[in-house]
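# Residue-level structure breakdown
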Amino acid sequence: MKALFVSAAVVVALVSGALAQEKPVVLKDAPGRTNVENLCSGCHSLDYIRINAPFMNKQTWTAEVTKMIAAFGAPIQKNDADAIIEYLSANYGAPPQ
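A brief report on the enclosed structure follows. The model shown is predicted, which means the values in this text are computed figures rather than measured ones.

Now for the overall build of the chain. Across its full length, the chain holds five helices and zero strands. Each helix (α) and strand (β) of the chain, taken in turn from the N terminus, gives the series α-α-α-α-α. Looking at the chain alone, contacts between residues at least 24 apart form 64% of all its contacts between residues at least 6 apart. Carbon together with sulfur atoms contributes 63% to the accessible area of the chain, which is approximately 6,900 Å² in total.

As C-alpha cells, this is what we get:
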C-alpha cells in the first residue's frame, strides 16, 4: 500500500512539473481577442488557433465556430460568435489566394 502511495505521489510531482513549464498562449492584440480568450479557452487551449491558422480563412473559421456551438454546445451568443470569427479571420487567417 505504501508503494502505491509513493508511486502516486511521484506521478503527481512529475505532472505538476510538466504543467508548470507550459507557457501561456498570447494572442494578437486586436478587437475580439477578449471574446476568444474568454469563450474559447474554457474548452480548449488557445494553441489550437495558432496551429490551425495556416489552413483557415473566414469561411473555415466560420464553420469551426459554428461547429463549436452546434456540435459541442459552446455557450457563445451570435454577436460574440461574429466578433470571434472576425478576430480569427483577420489575425489568424491564411492570406487570400
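Bringing the pattern of salt bridges into the picture now. Enumeration over the complete set of coordinates arrives at six salt bridges. The shortest N-O distance in the salt bridge between glutamate 37 and arginine 33 comes to 3.4 Å. Taken together, the residues glutamate 37 and arginine 33, both in helix H2 (residues 33-40) and four residues apart, mark about one turn of the helix. Residue glutamate 37 is classed as partly exposed on the basis of its relative accessible area, which comes to 25%. Owing to a relative accessible area of 23%, arginine 33 belongs among the partly exposed residues under this scheme. Here arginine 50 ties to aspartate 47 by a salt bridge, and the two come within 3.0 Å at their closest N and O atoms. Here the residue arginine 50 and the residue aspartate 47 both occupy positions in helix H3 (residues 47-52), the gap between them amounting to three residues, near one helical turn.

Parameters and conventions
Residues numbered from 1 in each chain as written. Predicted model: local features only at pLDDT ≥ 70, side-chain atom pairs only at ≥ 80, totals over all residues. Heavy atoms only, no water. Helix = DSSP H or I, 4+ residues; strand = E, 2+ residues; numbered from the N terminus. Contact = heavy atoms within 4.5 Å. Areas by Shrake-Rupley, 256 points an atom, 1.4 Å probe, with all protein chains shown as cover. Salt bridge = Lys/Arg side-chain N within 4 Å of Asp/Glu carboxyl O. Buried < 20%, exposed > 50% of the residue type's maximum accessible area, 1.4 Å probe, protein only.

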